[in-house]
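Residue-level structural notes
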Amino acid sequence: MSGQVRWFMPFIFLILLTVGCSEQKQSQSGEMPEMIKVKLMVPDKVSIKENVSLQIQLTQGGQPVNDADHVQFQIWNEQDEPEAPSLEQGMMSAEELEAKGAITAKSAGEGLYEASYAFEQSGVYIVQVHVTAGAMHTMPRTKVTVEE
């Protein structure tokens, strides 16, 4: 029986070596990619009916991202915040956001995305951008004061 064990030992060693090496490669390639970063660039104060540029700078790992799946600005008066979707509904799709009045931004290159908007009434508004790039989604927001 010990002759059989000696004969199988090189094969067992080879199998363990192969499994160990492939496991190491798999964990290296399965690393989590760096998170996307969004710098929201919206003025703090604007005038009614003034055409305002809504912009973001999108990067990942310090590099500009020019191929985001969706970049949409959602705007509402801070007194009328929309109801958040339930857990069952999950995250709203780009089409659902658009149906609720979200503005789709266009890429201007170098990770810059922009859209234009004119506020119709005075007040304090929330500007939230929905950014989807690959499997990542982020939704930073800021306030804008609209004066006459």
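Before reading on, note that the structure itself is shown above.
First, a word on what this report is: a plain description of the structure on this page.

Reading the values: rules and limits
- Residues numbered from 1 in each chain as written.
- Predicted model: local features only at pLDDT ≥ 70, side-chain atom pairs only at ≥ 80, totals over all residues.
- Heavy atoms only, no water.
- Helix = DSSP H or I, 4+ residues; strand = E, 2+ residues; numbered from the N terminus.
- Buried < 20%, exposed > 50% of the residue type's maximum accessible area, 1.4 Å probe, protein only.
- Contact = heavy atoms within 4.5 Å.
- Salt bridge = Lys/Arg side-chain N within 4 Å of Asp/Glu carboxyl O.
- Polar contact = N/O pair within 3.5 Å; in protein donor to acceptor, adjacent residues only side chain to side chain.
- Pairing = 2+ DSSP bridges.
- Phe/Tyr/Trp six-rings, centres within 6.5 Å; stacked < 30°, edge-to-face > 60°.

All right, on to the environment of Val144 then. By secondary structure assignment, the location of Val144 is in strand β11 (residues 141-147). Using a relative accessible area of 1% as the deciding quantity, one classes Val144 as buried. Put simply, Val144 and Val42 are 102 residues apart on the chain and 7.6 Å apart in space, counted from C-alpha to C-alpha. Residue contacts for Val144: discarding those within four places in its chain leaves Val42, Pro43, Asp44, Val46, Phe119, Gly123, Val124, Tyr125 and Val127.

Throughout the structure, instances matching the rule amount to two salt bridges. Note that Arg141 is salt-bridged to Glu81, the shortest N-O span being 3.4 Å. One end of the pair, Arg141, is in strand β11; the other, Glu81, is in the loop between β5 (70-77) and α2 (94-99), with 60 residues separating them in the sequence. Here Arg141 falls in the partly exposed class, since its relative accessible area comes to 43%. Looking at Glu81, the relative accessible area reads 47%, which means it is partly exposed.

This part is about the side chain of His130. Among the structural elements, His130 can be located in strand β9 (residues 123-133). Residue classification places His130 among the buried residues on the basis of a relative accessible area of 6%. Polar side-chain contacts of His130 include one of 2.8 Å to the side chain of Gln74. For His130, the residues in contact, after removing those within four places along its chain, are His70, Val71, Gln72, Gln74, Leu97, His137, Thr138 and Met139.

Each regular strand carries side chains that alternate between the two faces of the sheet. β5 sits mainly inside the fold: seven of its eight residues count as buried. Relative to β9, β5 is paired through eight bridges, and the arrangement is antiparallel. Residue pairing across strands places Val71 opposite Val131, the latter belonging to β9. Both β5 and strand β6 (residues 103-104) contribute to a ladder of two bridges, which runs antiparallel.

Here we come to the packing of aromatic side chains. For any two aromatic rings, the description comes down to two numbers: the centre-to-centre distance and the angle of the planes. The full count for this structure, using the stated rule, is two aromatic pairs. Ring centres of Phe119 and Tyr125 lie 5.0 Å apart, and the angle between their planes is 55°; this geometry places the pair in the tilted category. For the pair shown, Phe119 and Tyr125 are each scored as buried. Members of the aromatic cluster, each reached through a chain of ring pairs, are Tyr117, Phe119 and Tyr125.

Honestly, it's all geometry; don't read function into it.
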